[in-house]
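Report on the structure
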Amino acid sequence: MKENKAISGFSKLTRDQKAEWLTGQIGLDDSVTDLLSSFEPARDEWREIIADLSENCLTSFHLPFGVAPNFLINGRMKVLPLVTEESSVVAAMAKAASFWAVRGGFHTEVLGVDKKGQLHFEWKGDPSLLHRLFPEIRTVLLNEVAPFSGKMARRGGGILHMELKYLPEILPGYYQIDVSFDTKDAMGANFINSCLEQFGRSLKRFMEQQSFLSEEDRQVDVIMAILSNYVPDNRVKVWVECPVSELSGTGDTIAADHFAGRFVRAVTISRMDVSRAVTHNKGIFNGLDALALATGNDFRAIEAGGHAYAARSGRYAGLSEASVEEGKFLFSMELPLAVGVVGGVTTIHPVARLAMQILENPDARELMQCMAAAGLASNWSAVKALVSGGIQKGHMKMHLGNILNSFGLTNEQKQAARLYFQNREVSYAEVEHYLKNYAGR
């Protein structure tokens, strides 16, 4: 019987000791230890790299690493490496890439690369006095952060802008120093946070040294210093376009007009209805996250910033737009994307390094553009399926392998089942019915 008692020093145990404790505590089968060992990377150095990425690591968790070819982006053919457990996402993206490759491909434009961080603090003095002091404060802060920012400045980046904001509507005496950064090819989280924390120390010391202030007014309460994952000025635009007549793929102008109208209406609904918008945007991140994961980028930060941008008007809306004007179909999207190609997981994870090689070692701006294209391709395929007969038929065909695996079939049985369902509707219930009545199990 397990004890209802917290364990002390768990992180200091070896991996085997952690697994042994877990097995005994939860009452797991002894085979769990062999299962965990079987998913370990083969090479010692890789095993240590993976273990150091997270705390209390027991083993590696495998997800499929695949590629989608034929992405024509700004006139260059690219292969996108993708990590996702959903096979229909990769298949749909590859199909979208091939469709648009013969229609001009994906066009992209980086609209800005400014990232943001904030120093949050409280000060009880006269707001107008702090604003008068701020030019001097800014100089002190920049001088004292030079040891952190100098290297980034030599690479062409660094601190771009600094603004003092007084926000008493949030808290009494509450201020922000809002800072813009260019971190070049690094995602820049550690650089930004180091600068902001130094700003906090420098601000406190500066105010303490102002002898003309009262003792109370010399006190600054720094609440926190942290980057923001909302980066609307670190933004990229992506679009595809072609004559409406080319949308059918068969030369049938009536069919193409009908499809274009349905597609535009579906996207319009996502711009106006939040219930549809959330799922619409999830379809964008299906593709974008897969590329972010493959390259070791922080898909959680990307998603958080993207969803905030989708609500920038005060109402959550779909991120993409579609229109037909003068016989031309246009499908486009703008979204913030803070990515990195140096440092962190991107540099140390062996498969993430391979992903960067497959992408031909892009800089951060190029990776932004590839991710935007991945998101729009995934969104195109999802909306196209929805307005052309439904999404489940194609999705469940791709999901058939997962269903068959859940029944523990042999390779021969799985092959027979795939042949049976080649022209039939796929569902868990239908597979179960097939196995019971036709498979001879």
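That block above? That's the structure.
Reading the values: the criteria
Residues numbered from 1 in each chain as written. Predicted model: local features only at pLDDT ≥ 70, side-chain atom pairs only at ≥ 80, totals over all residues. Heavy atoms only, no water. Pairing = 2+ DSSP bridges. Helix = DSSP H or I, 4+ residues; strand = E, 2+ residues; numbered from the N terminus. Core = buried A, V, L, I, M, F, W, Y, C linked by side-chain atoms within 4.5 Å. Buried < 20%, exposed > 50% of the residue type's maximum accessible area, 1.4 Å probe, protein only. Contact = heavy atoms within 4.5 Å. Axes fitted to C-alpha atoms, helices over the stretch in contact; angles between N-to-C directions. Parallel < 35°, antiparallel > 145°, perpendicular 65-115°, else oblique. Left-handed = near helix turned anticlockwise from the far one by under 90°. Nonpolar A, V, L, I, M, F, W, Y, C, P; charged D, E, K, R; others polar.

The next subject is the pairing of strand 10 (residues 328-336). Where strand 8 (residues 235-243) lies against strand 10, nine bridges are found, and the strand directions are antiparallel. Along strand 10, the bridge assignment pairs W239 with S332. Taken together, the six bridges between strand 9 (residues 320-325) and strand 10 define a ladder with antiparallel strand orientation. Within the sheet, the bridge partner assigned to A322 lies in strand 10 and is F331.

Okay, the nonpolar core next. Judged by nonpolar contacts, the single largest core of 62 residues is most densely connected at F71, F106, L247, F329, L337 and W380. If one sorts the elements of this core by residue count, helix 13 (residues 364-386) sits on top with twelve residues. When residues no more than four places from it in sequence are discounted, the contact partners of L247 are F99, W100, C242, A256, F259, A260, F329 and W380. In terms of nonpolar packing, the next biggest core, distinct from the first, is built from 29 residues, F121, F181, F199 and F206 among them.

All right, on to the packing of helix 8 (residues 253-272) against helix 13 then. Between helix 8 and helix 13, the shortest axis-to-axis distance is 10 Å and the interhelical angle comes to 115°. Between helix 8 and helix 13, the angle falls in the class roughly perpendicular. Crossing of helix 8 over helix 13 shows right-handed handedness. Across the interface between the two elements, F259, F263, A266 and V267 from helix 8 touch W380, V383 and K384 from helix 13. Grouping the constituent residues of the contact of helix 8 with helix 13 by class yields six nonpolar, no polar and one charged.

The subject of this paragraph is the sheet that holds strand 4 (residues 115-122). Ordered by their spatial adjacency, four strands build an open sheet running 5-6-4-7, and the pairing between neighbours is antiparallel. Looking at which strands have only one partner, the edges of the open sheet turn out to be strand 5 (158-166) and strand 7 (221-228). Geometrically, the sheet is characterised by an average inter-axis angle of 15° between neighbouring strands, direction not taken into account. The sheet contacts of helix 7 (residues 189-208) involve strand 4, strand 5, strand 6 (174-182) and strand 7, and relative to strand 7 the element is tilted by about 160°.

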